[in-house]
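Survey of secondary and tertiary structure
The primary structure of each chain is shown beneath.
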Amino acid sequence: MNFTISPKVFENYPDLAIGVITATNIDNSGEFPEVAQKLRNEEKNVRNSIDLDTFKEHPNLASLQEVHRAFGSNPNKFPPSAQALVKRILKGGELPSINPLVDVYNVISLRYIVCAGAEDIDACEGDVQLAYADGSETFKLIGGEEEEPPDEGELVYKDDVGVICRKLNWREGDRTRTTENTKNAIVVIEGFPPFSRADLDKALSEVSEMLKQYCKCETKVEVLTKEKVECELR
């Protein structure tokens, strides 16, 4: 099984770097107060450094909004995941503890104001790719009952069966979501400029170390760019 980024994506975003962590033999069933505290700390940092009235002007978020508009999505209606997290925090909310894997990448998403997500590799069929949808793919939101297929030209993560995450990291699908029973997963961090390669490398290292600590798993870290558009997941 491979993870591939369509060359067309790099035609439109030549400086994009996608960080990929393959985590294997995961124990995703534990509860860790220290991870929850890391979330609280990052939420506090967001509140202290970003204002609700101007949060969309944060360089990383402003860039993500333009990325979404470029493939025809309205980021106000369908906000990138990092934007949605920041808004929730600034409006007084807290992120719930879901499972160690999700909590870890949420910590990093808030720390760096960057989109991150994960999929259960064992629930994926065939190769996984980041590509533009043709509009015929299947997709169900987490907990959803009805199909909500992507628009043609929408930037999505998909496998041989259908879309697994819509509008980059806007909404994850039900079929490949990570749960307490997940044993093998792919974690993706989206490095759209001005999020630097140095910060991407730091974020990947921090996620990898926390996953080893809290999920007792093995990790493999790679970065995909226009010079390297594919990596092996298993």
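To be clear, the structure that these remarks concern was listed above.
This write-up is about the structure you can find in this document. Just so it is clear, the structure is predicted and the values come from calculations on it, not from any experiment.

Our focus in this paragraph is the pattern of salt bridges. Within this structure, the stated rule accounts for 15 salt bridges. With a closest N to O distance of 2.9 Å, Glu 206 and Arg 111 form a salt bridge. With Glu 206 in helix α6 (residues 197–215) and Arg 111 in helix α5 (residues 100–112), this residue pair connects regions lying 95 residues apart in the sequence. Here Glu 206 falls in the partly exposed class, since its relative accessible area comes to 23%. Look at Arg 111 and you get partly exposed, because its relative accessible area is 32%. Note that Glu 222 and Lys 228 form a salt bridge whose closest N and O atoms lie 2.4 Å from each other. For Lys 228, a relative accessible area of 34% puts it in the partly exposed group. Salt bridges linked by common partners bring Asp 151, Glu 154, Arg 166 and Lys 167 together as one network.

With that out of the way, let us pick up the packing of helix α3 (residues 59–70) against helix α4 (residues 81–90). Where α3 contacts α4, the axes come no closer than 9 Å and their chain directions differ by 135°. With respect to α4, the element α3 is oriented oblique. The crossing of α3 and α4 is left-handed. Contacts from Leu 61, Leu 64 and Gln 65 in α3 reach Ala 82, Gln 83 and Val 86 in α4.

Assignment of secondary structure puts Cys 231 in strand β10 (residues 230–232). With 209 residues separating them along the chain, Cys 231 and Thr 22 place their C-alpha atoms 9.9 Å apart. Each residue touching Cys 231, except ones within four places of it in the same chain, is listed here: Asn 2, Phe 3, Val 20, Glu 222 and Leu 224.

Let us now look at the packing of aromatic side chains. Using the criterion set out here, one finds five aromatic pairs in the structure. Look at Phe 3 and Tyr 157: their rings are 6.3 Å apart centre to centre, the planes differ by 20°, and that puts the pair in the stacked class. Placement of Phe 3 in strand β1 (residues 2–5) and of Tyr 157 in strand β5 (residues 155–158) is noted, with a sequence separation of 154 residues between them. In this structure Phe 3 comes out as buried when scored by relative accessible area, which is 0%. Note on Phe 78 and Trp 170: the rings are 4.9 Å apart at their centroids and 80° apart in plane angle, and the pair reads as edge-to-face. Of this pair, Phe 78 sits in the loop between α3 and α4 while Trp 170 sits in the loop between β6 (163–166) and β7 (171–172); the two residues are 92 residues apart in sequence, bridging distant segments of the chain. Against the face of Tyr 132 rests Lys 8, its NZ or CZ located 5.2 Å from the ring centre. In this structure, Lys 167 is placed above the aromatic ring of Phe 78, and the distance from its NZ or CZ to the ring centre is 4.5 Å.

Our next topic: the nonpolar core. Formed by 71 residues in total, the largest nonpolar core has its most connected members in Phe 3, Tyr 13, Ile 18, Leu 101, Ile 189, Leu 211 and Leu 233. Those residues in contact with Ile 18 that sit more than four places away from it in its chain are Phe 3, Ile 5, Leu 130, Tyr 157, Val 188, Ile 189, Glu 190, Glu 222, Val 223 and Leu 224. Grouped together as the second largest cluster of nonpolar side chains are five residues, Phe 139, Leu 141, Val 156 and Val 163 included.

With mixed pairing, six strands are arranged side by side in an open sheet as β7-β6-β5-β4-β1-β10. At either end of the open sheet lies a strand with only one pairing partner, and these are β7 and β10. As defined by bridge partners, β6 adjoins β7 across two bridges and the pair is classed as antiparallel. Within β7, the residue paired with Cys 165 across the bridge is Glu 172.

A word on α5. The α-helix advances 3.6 residues per turn, and as a result positions three or four apart in sequence lie on the same side. In this model α5 runs 19 Å from its N-terminal to its C-terminal C-alpha over 13 residues, within 8% of the 18 Å that 1.5 Å per residue would give. The element α5 is extensively covered by neighbouring structure, given that twelve of its 13 residues are classed as buried. Along α5, the residues classified as buried are Pro 100, Leu 101, Val 102, Asp 103, Val 104, Tyr 105, Asn 106, Val 107, Ile 108, Ser 109, Leu 110 and Tyr 112. Once α5 finishes, Ile 113 follows within two positions and takes phi at roughly 50°, a positive value.

Reading the values: rules and limits
- Residues numbered from 1 in each chain as written.
- Predicted model: local features only at pLDDT ≥ 70, side-chain atom pairs only at ≥ 80, totals over all residues.
- Heavy atoms only, no water.
- Salt bridge = Lys/Arg side-chain N within 4 Å of Asp/Glu carboxyl O.
- Helix = DSSP H or I, 4+ residues; strand = E, 2+ residues; numbered from the N terminus.
- Buried < 20%, exposed > 50% of the residue type's maximum accessible area, 1.4 Å probe, protein only.
- Axes fitted to C-alpha atoms, helices over the stretch in contact; angles between N-to-C directions.
- Parallel < 35°, antiparallel > 145°, perpendicular 65-115°, else oblique.
- Left-handed = near helix turned anticlockwise from the far one by under 90°.
- Contact = heavy atoms within 4.5 Å.
- Phe/Tyr/Trp six-rings, centres within 6.5 Å; stacked < 30°, edge-to-face > 60°.
- Lys NZ or Arg CZ within 6 Å of the ring centre and 35° of its normal.
- Core = buried A, V, L, I, M, F, W, Y, C linked by side-chain atoms within 4.5 Å.
- Pairing = 2+ DSSP bridges.
- Expected span 1.5 Å × (residues − 1).

Structural measurements only, silent on function.
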